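Structure at a glance
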Amino acid sequence: MWSRCSLEALRAHSHRYLLTPAFTHTVRFSSGATTTMAAIKTRTVNTTERLAKLRELLKKPENNVKAFIVPSEDQHFSEYPAHSDERRAFISGFNGSAGCAIITLRDAFLFTDGRYFLQASQQLDSNWKLMKQGLPEEDVPTWQEFLSKHLEQGTRIGIDPTLISAAVDAESLQKSLEPRGSELVSLQENPVDIVWGKDRPPHPHNSVFPLDVKYAAGETSQSKLERLREEIAKKKAAASVVTLLDEVAWLFNLRGTDIDFNPVFFAYAVVTPTRAILFMNDAQEQDSIKAFLGSDVEIRPYGSFISSLRQLTTTLGANKDKPMLLGDKTSLAVVEAIGQDNAILIPSPVATMKAIKNETEIEGFRKCHIRDGAALIRYFAWLEEQLNSGVELNESQAADKLEEFRSELDLFRGLSFTTISSTGPNAAVIHYSPDPDDCAIIRKDQIYLCDSGGQYLDGTTDVTRTLHFGTPTNEEKRAFTRVLQGHISIDTAVFPNGTSGADSFARRALWQEGWDYRHGTGHGVGHFLNVHEGPHGIGTRIAYNSTSLKAGMTVSNEPGYYADGRYGIRIENVVIVQEADTPNNFGNGYLCFERVTMCPIQTKLIDFSILTAQEKEWLNSYHAETLEKVGPWLCNDSRALQWLERECSPV
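Numbering of residues starts from 1 in every chain and runs along the sequence as written. Selection of residues for local features in this predicted model requires a pLDDT of at least 70, selection of side-chain atom pairs for listing and counting requires 80 or more, and totals for whole chains, interfaces and linings are taken over all residues. Heavy atoms throughout the structure, all of them, feed into the side-chain values; hydrogens and water do not.

Before going further, it helps to examine the packing of aromatic side chains. Centre-to-centre distance and the angle between the planes together describe a pair of aromatic rings. Between the rings of Phe, Tyr and Trp (Trp by its six-membered ring), a pair exists once the centres lie within 6.5 Å; its type follows the angle of the planes, with under 30 degrees stacked, over 60 edge-to-face, and the other angles tilted. As enumerated under the stated definition, the model contains 18 aromatic pairs in all. Considering the side-chain rings of Phe94 and Tyr116, the 5.8 Å spacing of their centres and the 75 degrees angle between planes classify their relative orientation as edge-to-face. With Phe94 in the loop between α4 (87-92) and β2 (100-104) and Tyr116 in the loop between β3 (108-112) and α5 (117-123), the pair connects residues that are 22 residues apart, well separated along the chain. When the ring of Tyr268 is compared with that of Phe305, the centres are 3.8 Å apart and the planes differ by 0 degrees; the resulting orientation is stacked. Of this pair, Tyr268 sits in strand β10 (residues 267-271) while Phe305 is found in helix α12 (residues 305-315), placing the two residues 37 residues apart along the sequence. The secondary structure listing takes helices from DSSP runs of H or I that are at least 4 residues long and strands from runs of E that are at least 2 residues long, numbered from the N terminus.

Shown next as structure tokens:
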């Protein structure tokens, strides 16, 4: 690990770093998980044959459907599915994390949002029509609206019931289809899987490991199960069914490596008033896991979940007055197994419990972000030196070096997502990441945007910094400053308890220029779990605005601006919601944010003519805090320490 030196040794730069051997249980990843703009242009997939085979399957008598829905999610509604579950990416060629494909017997449509317009337009071949959701001027329907309003009447629409949410999509969609005489049809086998055939990657079942209670919020799994049972009793329910992977992992204090970047494993759980059943792959059912969970938790095979659920519904006597509690992201297949009259769909109580971090988790976030900041500072100092020396580096090589610096940190277990290392025009692609075989060279005369994060036993990091290693243009400086002003506005906000995730504070400065950005301002962050965690956030999504921010929640603060084809800017810190100490206390109290990300914000890119005195004061305060907290971790890297001291100089 890196040793932390005293403040006296900080100036002496005298100690050596202590490096640990390779870690076990590292969250590994595929560098091709997302595709770069450079790679997009040369790696468009020809989907003609795939679509032809799929349409033949749709027409078979046992299916007899005229359209088929291919969502991004897996059966657990994971944001980032395992490679074996990337059906939408396989059939369309578009591999962004958000989108839905609809294939009819004649046409193919890909629906996605503003984060992925550029990427999708480059990855889709001529068989597909890109549906740019969220553009008022184009009046593009959602994929649900498209099915109910734009397909011909009487259309049988095929679905894989394990991939369609019962509450959000299936119920409302079926109602909207009825006036047109159309209907959803659950297919016995997903036709995309048949087309994929033997080339489909195997479903993972990697090792599962316990998370020590000193990292796991200082709370045992037994305590968490008891809290969930209290919710079951309040709802007068028969049991709670947990289907999301991060919720299962959190509930049992277990972690895995089945999905890239997310320390989770494939599992379901059923919790009754007296027992808990964990459904996991046989290969992962080790004696150490059984011993860790104790005799109160029964382990059953992952593949037996649906059949066991049917039996449990009967055994527990579930009915409309004593229902099975299901989270609102539960699949239609689960509801069908229980019986619609025996289930109730509600916002997951586990998600709510998990979102509010306790003091152990919050302290873990503080510590891991300081260590993570040291790796980032070492990286940016190294990158600047390389570019100033005339060394030619591409975006992927740079990203690999950043991971190398992170890998030397104590408690590191892998990246939290594919590093977005982007120069010039590529930085305008909001969810870009470099392909090692085909990506751009980092140039001193272009903006460089780096969005990255790490998974640590004591927390998860997600930080974006935008830098320029040459001389930025006046436009670039003005845009950067407007983004910074939005970032500061969120960071310093004080707001009433019960406020949900509206983000106009972050956009106000950009709106003055007629600028904006097509993504939310903040998302929840898991504790050594998924880097994107619900149900809360800062943005215009319905979920964000129906979930108020509460003390203990972690959320990102990441406004941005993207000039298509030229440059992109984003500044991102992770903050923790906390109670605010206000002079008065009208209503039900007030909240504010504590920032935990510690990495300088480049002052070279700031247009100080539009920065207020209060904003300068904020910047100086943030940089002083960063220098104080991260500096001791750089006492043996004079280059990084000098870079940090320069970047944190008062303005």
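Another point: empty space enclosed by the protein. Using protein atoms alone on a 1 Å grid, points that fit a 1.4 Å probe yet trap it form a cavity, whereas open point sets bounded by protein on both sides within 12 Å along at least five of seven lines form a pocket; residues with an atom within 4 Å of a point count as lining. Grid points are joined across faces, edges and corners, and a volume is the space filled by probe spheres set on the points. Tallied over the entire structure, the rule returns one cavity of 30 Å³ or more. What the largest cavity holds in volume is close to 40 Å³. Every residue lining the largest cavity is listed: Arg366, Ile370, Glu594, Arg595, Val596, Met598 and Lys629. At the level of elements, α15 (359-388) and β28 (590-595) are the ones that each hand at least two residues to the lining of the largest cavity.

What follows concerns the sheet that holds strand β4 (residues 129-132). Strand pairing requires that DSSP identify at least two bridges connecting the strands. Strand order in the open sheet formed by six strands is β4-β3-β2-β1-β5-β6, and the pairing between neighbours is mixed. Here the strands that pair on one side only, and so sit at the sheet edges, are β4 and β6 (183-186). Taken pair by pair, the neighbouring strands of this sheet meet at an average axis angle of 25 degrees, ignoring direction. Against the sheet, helix α3 (residues 48-58) contacts β1 (67-71), β2 and β3, and its axis sits at roughly 65 degrees relative to β2. The criterion used for residue contact is that any of the two residues' heavy atoms lie within 4.5 Å. Throughout, an axis means a line fitted to C-alpha atoms (over the contacting stretch in the case of helices), and angles, computed between N-to-C directions, take values from 0 to 180 degrees. Running over the sheet, helix α7 (residues 166-177) touches β1, β5 (156-159) and β6 and is turned about 135 degrees from β6.

The subject of this paragraph is the packing of α15 against helix α16 (residues 395-407). For any two helices packed against each other, one specifies the inter-axial angle together with the distance between the axes. At their nearest, the axes of α15 and α16 sit 9 Å apart, and the two run at 140 degrees to each other. Considered as vectors, α15 and α16 are oriented oblique to each other. Both α15 and α16 take part in a crossing whose hand is right-handed. Note on element contacts: α16 touches α15 through Ala398, Ala399, Lys401, Leu402, Phe405 and Arg406, opposite Asp372, Ala375, Leu376, Arg378, Tyr379 and Trp382. Taken together, the residues that form the contact of α15 with α16 break down as eight nonpolar, no polar and four charged. Put simply, angles under 35 degrees are roughly parallel, angles over 145 are roughly antiparallel, angles from 65 to 115 are roughly perpendicular, and the rest are oblique. Each helix crossing is assigned a hand: it is left-handed if the near helix lies turned anticlockwise from the far helix by less than a right angle, otherwise right-handed if that turn is clockwise. Each residue receives one of three labels: charged for Asp, Glu, Lys and Arg, nonpolar for Ala, Val, Leu, Ile, Met, Phe, Trp, Tyr, Cys and Pro, and polar for the others, Gly being one of them.

Now for helix α9 (residues 221-234). Because each turn of an α-helix spans 3.6 residues, side chains separated by three or four positions in sequence point in the same direction. For a helix, the expected span equals 1.5 Å multiplied by the residue count minus one. Between its first and last C-alpha atoms α9 spans 20 Å; for 14 residues at 1.5 Å apiece the expected length is 20 Å, and the two agree. Whether a residue is buried, partly exposed or exposed follows from its accessible area with a 1.4 Å probe, protein chains only, as a fraction of its type maximum: under 20%, in between, or over 50%, in that order. All buried positions along α9 are accounted for by Ser221, Lys224, Leu225, Leu228, Arg229 and Ile232. The buried residues of α9 occupy an angular sector of 145 degrees when projected down its axis, which confines them to one face. When the buried face of α9 is taken as reference, the exposed residues oriented beyond 90 degrees from it are Ala233 and Lys234. Arc definition: directions from the helix axis to the C-beta atoms.

This part covers the pattern of salt bridges. Between Lys or Arg on one side and Asp or Glu on the other, a salt bridge is scored when a side-chain nitrogen of the former is within 4 Å of a carboxyl oxygen of the latter. Scanning all chains against the criterion turns up 41 salt bridges. Residue Arg646 pairs with Glu647 through a salt bridge whose shortest N-O separation is 2.7 Å. Note on Arg646: relative accessible area 41%, which makes it partly exposed. In this structure Glu647 comes out as buried when scored by relative accessible area, which is 7%. Residues joined by salt bridges that share partners form a network here, namely Asp85, Arg87, Asp193 and Arg200.

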